[in-house]
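Descriptive analysis of the structure
Below, each chain spelled out in residue letters.
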Amino acid sequence: MDIKTIKEYLGVDWLAVQNRIVSSLKSDIGLLNSTNDSILSHSGKQLRPMLSLLMAKACSGGKVTESAIMYAAASELLHNATLLHDDVADGSDKRRGVPTIMSLMGPSVSVLVGDYWLVKAMDLILEAPDDSSSRVMRIFAKTLSDLAEGEMLQLQKAQKGDTDENDYLRIIYNKTASLFEAACVSAAIAAGASDDMIKSAKDYAVALGLAFQIKDDILDYAGTDVVGKPLGADILEQKITMPLLGALASVDQRKNDEVRAMVSDIVSNPQYRDDIVSFVKENGGLEYAVSRLNVYVEQAVKALDAFPDSEAKDSLVELAHFTADRIM
């Protein structure tokens, strides 16, 4: 099963989410509409609303409520809002292989459009037709707090060059897994799931989100041009990720300190990138990261044991394996 097949399985519910996203963004400002249309035309895999709908179906025996549709749409709006802000923070010229709004229209526009998408996500949650909206709003508010804290912790660690695996896992939980969690838990709540099933939805989403980000970080060292960014792009931003942590764990303290010093100095010495990429490949960093990735994929699949057998559950399992196998 692939992503296209999953979208076909979701059928009218998937179309309803797409329609909600488009309608929620409509404005009488032509420039805003054309900018939003440009973003929507390069919307990527839309993994978060896909997960949200599948979780809603897995929890309810196949039924998807209007609230679940709205929460799924909100997860995609919030995700894109954070990308628009991230492009400014990271100075990104391209995303998904196309020029960013920041590069085309400037950082102020990217921030303003990101704010617009964020507010529209909150509006969708508040407009949900049942009494779950206040609970879900708190979940999404926590995600926003997590994102901000994750960015600041990553910046703090980049300045010091002392990221360890616990720091790294906290950063990627805050920046990636937290929104996976919000998408899945809000869906379970909308489906009227039991507390135990909601916990299982959370466990699945967190493990999947961690695996997803570890895979991204592996591709930064082992990807191809298909990925859409040069190898070692993260290290140029002084990010110490799982592949580098794995390689550092295999060498003595002197070499560890030497490589971390290179990371700290890479802004002034970008030629260190190739040396660090080679260091990771030569010292088992990729193999270590793959082993950790597989642990989280297994945890995600195990969490689904709490759900009855269904096509939705099978699709959630497939998405966990897709995370490990994807090439971009």
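Starting from 1, residues in each chain are numbered consecutively following that chain's sequence as written. Reporting in this predicted model follows two pLDDT cut-offs: at least 70 for local features of residues, and 80 or more for side-chain atom pairs to be given and counted; totals over whole chains, interfaces and linings ignore these cut-offs and use all residues. Only heavy atoms go into the side-chain values, all of them from the structure, while hydrogens and water stay out.

Section: the overall build of the chain
- Within the chain, the regular secondary structure consists of 15 helices and two strands.
- What you see for the chain is a C-alpha radius of gyration of 20 Å, in line with the 20 Å of a compact globule of 328 residues.
- Structurally, the chain occupies a C-alpha span of about 60 × 50 × 30 Å along its principal axes.
- Across the 328 residues that make up the chain, the buried fraction comes to 53%.
- By definition in these notes, contact holds between two residues if any of their heavy atoms fall within 4.5 Å. Sequence-distant contacts in the chain: of pairs separated by 6 or more residues, those separated by 24 or more amount to 75%.
- With residues, only the protein chains shown are counted as cover, and all accessible areas are computed by Shrake-Rupley using a 1.4 Å probe. Within the structure as shown, the chain displays about 14400 Å² of accessible surface, and the carbon and sulfur contribution to it stands at 53%. Helix and strand definitions here come from DSSP, where helices need a minimum of 4 consecutive H or I residues and strands a minimum of 2 consecutive E residues; each element is numbered from the N-terminal end. Radius of gyration: over C-alpha atoms. The globule rule applied is 2.2 Å multiplied by the number of residues raised to the 0.38 power. Here the term buried applies to any residue with accessible area under 20% of the maximum for its type, exposed to any over 50%, and partly exposed to those in between, with areas from a 1.4 Å probe on protein chains only.

Concerning helix 4 (residues 66-90)
- By this rule the span expected of a helix is its residue count minus one, scaled by 1.5 Å. The end-to-end C-alpha separation of helix 4 is 36 Å, in line with the 36 Å expected for 25 residues at 1.5 Å each.
- Buried residues dominate helix 4, accounting for 20 of its 25 residues.

Section: helix 2 (residues 30-40)
- Turning to helix 2, its buried residues are L32, N33, T35, N36 and I39. Around the axis of helix 2, the buried residues are gathered within 165° of arc, so they sit on the same side. Turned more than 90 degrees off the buried face of helix 2, the exposed positions are G30 and L31.
- Elements in contact with the buried residues of helix 2: helix 4, helix 5 (101-105) and helix 6 (107-126). By construction, the arc corresponds to the directions joining the helix axis to the C-beta atoms.

Some words on empty space enclosed by the protein
- Points on a 1 Å grid, built from protein atoms alone, make a cavity when a 1.4 Å probe fits but cannot get out and make a pocket when they are open with protein on both sides within 12 Å along at least 5 of 7 lines; residues with an atom within 4 Å of a point are the lining residues. Grid points are joined across faces, edges and corners, and a volume is the space filled by probe spheres set on the points. Enumeration according to the criterion identifies two cavities of 30 Å³ or more in this entry.
- By volume, the largest cavity amounts to about 40 Å³.
- In terms of residue count, helix 2 provides more of the lining of the largest cavity than any other element does, four residues in total.
- Residues are grouped as follows: nonpolar covers Ala, Val, Leu, Ile, Met, Phe, Trp, Tyr, Cys and Pro; charged covers Asp, Glu, Lys and Arg; every other residue, Gly included, is treated as polar. Partitioned by chemical class, the residues of the lining of the largest cavity number three nonpolar, two polar and two charged.
- There is about 30 Å³ of room inside the second largest cavity.

Digging into the packing of aromatic side chains
- For this analysis, a ring pair means two rings from Phe, Tyr or Trp (six-membered ring only for Trp) whose centres lie within 6.5 Å, classed as stacked if their planes differ by under 30 degrees, edge-to-face if by over 60, and tilted for the remaining angles. Counted under the stated rule, the structure contains one aromatic pair.
- Ring centres of F180 and F212 lie 5.5 Å apart, and the angle between their planes is 50°; this geometry places the pair in the tilted category. Of this pair, F180 sits in helix 8 (residues 165-190) while F212 sits in helix 9 (residues 195-222), and the two are 32 residues apart along the sequence. With respect to burial, F180 and F212 carry one shared label: buried.

Brief notes about the pattern of salt bridges
- When a carboxyl oxygen of Asp or Glu is within 4 Å of a side-chain nitrogen of Lys or Arg, the pair counts as a salt bridge. One pass over the full model with this rule turns up 18 salt bridges.
- Put simply, K202 and E181 hold a salt bridge, and the shortest N to O gap is 3.8 Å. Of the two residues, K202 is situated in helix 9 and E181 in helix 8; the sequence distance between them amounts to 21 residues.
- The class of K202 is partly exposed, set by a relative accessible area of 38%.
- Assessed through its relative accessible area of 9%, E181 is described here as buried.
- The partner of R254 in a salt bridge is E258, and the shortest N-O contact between them spans 3.2 Å. With a gap of four residues between them, R254 and E258 both fall in helix 12 (residues 253-264), about one helical turn apart.

Re the layout of surface pockets
- In this model, the second largest pocket occupies a volume close to 230 Å³.
- Lining the second largest pocket are 14 residues, and of these I39, V98, P99, T100 and I101 lie nearest its centre.
- Only helix 2, helix 4, strand 2 (98-99) and helix 5 provide two or more residues apiece to the lining of the second largest pocket.
- Counting residues per element, the lining of the second largest pocket draws most heavily on helix 4, at four residues.
- Here the lining of the second largest pocket is composed, by residue class, of seven nonpolar, four polar and three charged.

Looking at the side chain of E181
- Here a polar contact is recorded for every N or O atom pair within 3.5 Å, except that within protein the pair must consist of a potential hydrogen donor and a potential acceptor, and residues adjacent in sequence are included only if both atoms are side-chain atoms. Here the side chain of E181 touches Y173 through a polar contact of 2.5 Å, side chain to side chain.
- When neighbours within four sequence positions are excluded, E181 is seen to be in contact with K142, Y173, S186, K202, A205 and V206.

Quick look at the packing of helix 14 (residues 285-303) against helix 15 (residues 311-325)
- Packing of helix 14 against helix 15 brings their axes to within 9 Å, and their N-to-C directions diverge by 175°. Considering the angle they form, helix 14 stands roughly antiparallel to helix 15. Contacts between helix 14 and helix 15 involve L293, N294, V297, A300 and V301 from the first element and V317, A320, H321 and A324 from the second.
- Partitioned by chemical class, the residues of the contact of helix 14 with helix 15 number seven nonpolar, two polar and no charged. For helices, the fitted line uses only the C-alpha atoms of the stretch in contact; every axis is such a line through C-alpha atoms, and the angle between N-to-C directions lies from 0 to 180 degrees. Roughly parallel here means an angle under 35 degrees, roughly antiparallel means over 145, roughly perpendicular means 65 to 115, and every remaining angle is called oblique.

A short note on the environment of V263
- You can see V263 is positioned in helix 12.
- For the pair V263 and G246, spaced 17 residues apart in sequence, the C-alpha to C-alpha distance is 15 Å.
- With residues up to four places along the chain from it excluded, the contact list for V263 reads I235, Q238, I240, L244 and I276.

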